[in-house]
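Fold and contact review
Below, each chain spelled out in residue letters.
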Amino acid sequence: MHKRIQKLRQKFLENEIDAIFISQSENRRYLSGFTGSEGYLLISQDILILATDFRYVEQAQKESRNFEVVKIKGELSEWFPNLLSKIKPKKLGFESENTTFAGYQKFTKVMKENSSVSKLCLIPLKGTVESLRAQKDKNELEKINKSVILANSAVKYAISEIKTGMTEREIAWKIEKFLRENGSEPVPFEIIVASGPNSALPHAHPSNRQILTGEPIVMDLGAKVEGYCSDLTRTICLGEQSQTFKEIYDIVLRAQLTAIADARKGMSGKEVDGLARAVIEKAGYKDAFGHGLGHGVGLVVHELPYIGPNSKDILTDGAVFTIEPGIYLSGWGGVRIEDTVTLEKGRVKAFIE
Ligand code: ZN
Ligand code: ZN
């Protein structure tokens, strides 16, 4: 945790702030270790404060030993000036993407009404902690590893259980139950089981449609272990595979393996996306791959870096992200293959072999 705080403090100068107010829940957890659902961090160059209400004070003291835990109560106006008096910042950074317009109005109202904070300058920040989170440390990689292994066992279990006549919802529930019974926290996103024409929708909701032989079945699922997510997709077919299925599956797999083999540290998200996209385009399915190649995975299932045609994010060692090319043909169905991987010594490393 201390290293993370150090890295954050190094960003104070470039952002021209002397303290930062953290309200985003995963950022709060990342910097303090506090897992409660309510609380704020106030961090200056030499002070660490975690403000939370009475329900969480004891938990916060246990989980965030480096922080001074301050109990807060009621409206922002009742505790904010008091909290700031401990640091007296002149320029306070806040997380603009996690602050609603109404929330911002509350801040400015409190500042207007309290002489002690009326001269405070609020500096909107974007992705300050999120960019730190993009590079995982050893401890985080171990947790993600457990999460990936669990998701992988769940999909293997589903493949062994799946039979024609079962509905998408039945299978989705079997997967979710397996994940929970084998150590996952509440799953990070709604599990997708999409069969036949439904699989042409990248984000289909499991329906009561019964699964038939010979059609694509897309299963997209993730586990959450000690706060860390994984994200995995497999596409299967019961019974005999049609020529189309074989052809599409082969292209998608080649696209994924190409990106895994050729992605390097220092490439942008756009460049990595291009590795897989080129394979799909060359095979004649340019318009059938309508989403980005992947996304970072960590405390949340979609985080930095983004891997897509518009992404300028640069891949670094310790980045954890998905590689998930797909081909979707309206009326027929789709094939997507997704794995969560990391970059180590400049190259892609799989969590599972
Ligand atoms: Zn997924
Ligand atoms: Zn994904």
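Refer to the structure above for everything that follows.
For every chain, the first residue of its written sequence is number 1, and the numbers climb from 1 along that sequence. Throughout, the order in which chains and ligands are written sets their labels, letters from A for the former and numbers from 1 for the latter. A pLDDT threshold of at least 70 governs which residues receive local features in this predicted model, and a stricter bar of 80 or more applies before side-chain atom pairs are shown or counted, although totals over entire chains, interfaces and linings include all residues. Side-chain numbers come from the whole structure's heavy atoms, not from hydrogens or water.

When helices and strands are tallied, the chain shows 10 helices and 18 strands. In terms of overall dimensions, the chain has a C-alpha envelope of 75 × 40 × 35 Å along the principal axes. When burial is assessed residue by residue, the chain has 53% of its 353 residues classed as buried. Within the chain, counting contacts between residues at least 6 apart in sequence, those at least 24 apart form 66% of the total. Methods summary: accessible areas were calculated by the Shrake-Rupley approach with a probe of 1.4 Å, and residue burial reflects only the protein chains presented. Carbon and sulfur atoms make up 50% of the accessible area of the chain, which totals about 17,000 Å². For the chain, the centre of its 48 positive side-chain charges and the centre of its 46 negative side-chain charges are spaced 4 Å apart. Under the scheme used here, helices are H or I runs from DSSP no shorter than 4 residues and strands are E runs no shorter than 2 residues, and both carry numbers assigned from the N terminus. Whether a residue is buried, partly exposed or exposed follows from its accessible area with a 1.4 Å probe, protein chains only, as a fraction of its type maximum: under 20%, in between, or over 50%, in that order. Here, residues are in contact when the closest pair of their heavy atoms is within 4.5 Å. Charge counting treats Lys and Arg as positive and Asp and Glu as negative, with His and both chain ends excluded. The atoms used to mark charge sites are NZ of Lys, CZ of Arg, CG of Asp and CD of Glu.

Here the focus is the coordination of the zinc ion (ligand 2). Counted as donors are the N, O and S atoms within 2.8 Å of the metal, or 3.2 Å for Na, K and Ca, while water is not among the atoms, so some sites may look incomplete. Protein-derived ligands of the zinc ion (ligand 2) are Asp231 (OD), His295 (NE2), Glu324 (OE) and Glu338 (OE), with the metal-ligand distances lying across 2.1 to 2.2 Å. Note on geometry labels: four donors, all angles 85 to 135 degrees, give tetrahedral; four donors become square planar and six octahedral when opposite donors are over 155 degrees apart and every other angle is between 65 and 115; remaining cases are irregular. If you look at the zinc ion (ligand 2), its 4 donor atoms make angles of 77 to 153 degrees with each other, and the shape they trace is irregular. Each donor residue of the zinc ion (ligand 2) lies on the same chain, and together they follow the pattern D-x63-H-x28-E-x13-E. Here the zinc ion (ligand 1) and the zinc ion (ligand 2) are spaced 3.2 Å from one another, each receiving a donor from Asp231.

As a further point, take the pattern of salt bridges. Salt-bridge detection follows one rule: a side-chain nitrogen of Lys or Arg within 4 Å of a carboxyl oxygen of Asp or Glu. A complete count under the given rule lists 20 salt bridges for this structure. For the salt bridge of Lys109 with Glu113, the shortest nitrogen-to-oxygen distance reads 3.6 Å. With Lys109 and Glu113 both in helix α5 (residues 101-113), this residue pair falls 4 residues apart, about one helical turn. Like Glu113, Lys109 is exposed. Residues Arg234 and Asp339 are paired through a salt bridge, measuring 2.8 Å at the closest nitrogen-oxygen approach. Placement of Arg234 in strand β11 (residues 232-237) and of Asp339 in strand β17 (residues 339-344) is noted, with a sequence separation of 105 residues between them. A single salt-bridge network, built from bridges that share partners, covers Arg4, Asp137 and Glu140.

A separate point is the side chain of Ser32. The residue Ser32 is located in helix α2 (residues 25-32) in this model. Given a relative accessible area of 4%, Ser32 falls into the buried group. The term polar contact refers here to a pair of N or O atoms within 3.5 Å; inside protein, the definition further demands a hydrogen-donor-capable atom paired with an acceptor-capable atom, and it admits residues adjacent in sequence only when both atoms are side-chain atoms. Looking at Ser32, its side chain comes within polar contact range of the main-chain nitrogen of Phe34, at 3.0 Å.

What follows covers the sheet that holds strand β6 (residues 121-125). Read across the sheet, 6 strands follow the order β4-β3-β2-β1-β5-β6 without closing on themselves; strand pairing throughout is mixed. Two strands bound the open sheet, and with one partner strand each, they are β4 (68-71) and β6. Ignoring which end each strand starts from, the neighbouring axes of this sheet average 25 degrees apart. In the packing of helix α1 (residues 2-14) onto the sheet, the strands contacted are β1 (19-22), β2 (40-44) and β3 (48-52), and the crossing angle to β2 comes to about 65 degrees. Note on pairing: DSSP must find at least two bridges between two strands before they are called paired. Note on geometry: axes are C-alpha line fits, over the in-contact stretch for helices, and angles between N-to-C directions span 0 to 180 degrees.

It is characteristic of soluble globular proteins that their nonpolar side chains tend to be buried jointly. Leu8, Ile20, Tyr30, Leu31, Leu41, Ile43 and Phe67 are the most contacted members of the largest nonpolar core, which has 33 residues in total. In terms of residue count, the dominant contributor to this core is α1 (3 residues). Those residues in contact with Tyr30, other than ones at most four positions away along the chain, are Met1, Arg4, Val129, Leu132, Arg133, Gln135, Glu140, Tyr228 and Leu299. By convention a nonpolar core is built from buried Ala, Val, Leu, Ile, Met, Phe, Trp, Tyr and Cys residues, the set being connected through side-chain atoms within 4.5 Å.

Here the bond from Leu304 into Pro305 is cis, since omega is 0 degrees, no more than 30 degrees from zero. Position of Pro305 relative to the elements: it lies in strand β13 (residues 303-307). Not every positive phi belongs to a glycine, and Lys88 is a case in point at roughly 55 degrees. Positive phi, close to 50 degrees, is recorded for Glu226, a residue that is not glycine. Here Glu226 lies in the loop between β9 (224-225) and β10 (228-229).

Moving on, we come to the coordination of the zinc ion (ligand 1). Ligation of the zinc ion (ligand 1) by protein atoms is provided by Asp220 (OD), Asp220 (OD), Asp231 (OD) and Glu338 (OE), these donors lying 2.0 to 2.5 Å from the ion. For the zinc ion (ligand 1), the 4 donor atoms in the first shell make angles of 55 to 150 degrees at the metal, so the coordination geometry reads as irregular. Within one chain, the residues donating to the zinc ion (ligand 1) are spaced in sequence as D-x10-D-x106-E. The exposure class of Asp220 is buried, given its relative accessible area of 5%. Of the residues examined, Glu338 reaches a relative accessible area of 0% and is grouped as buried.

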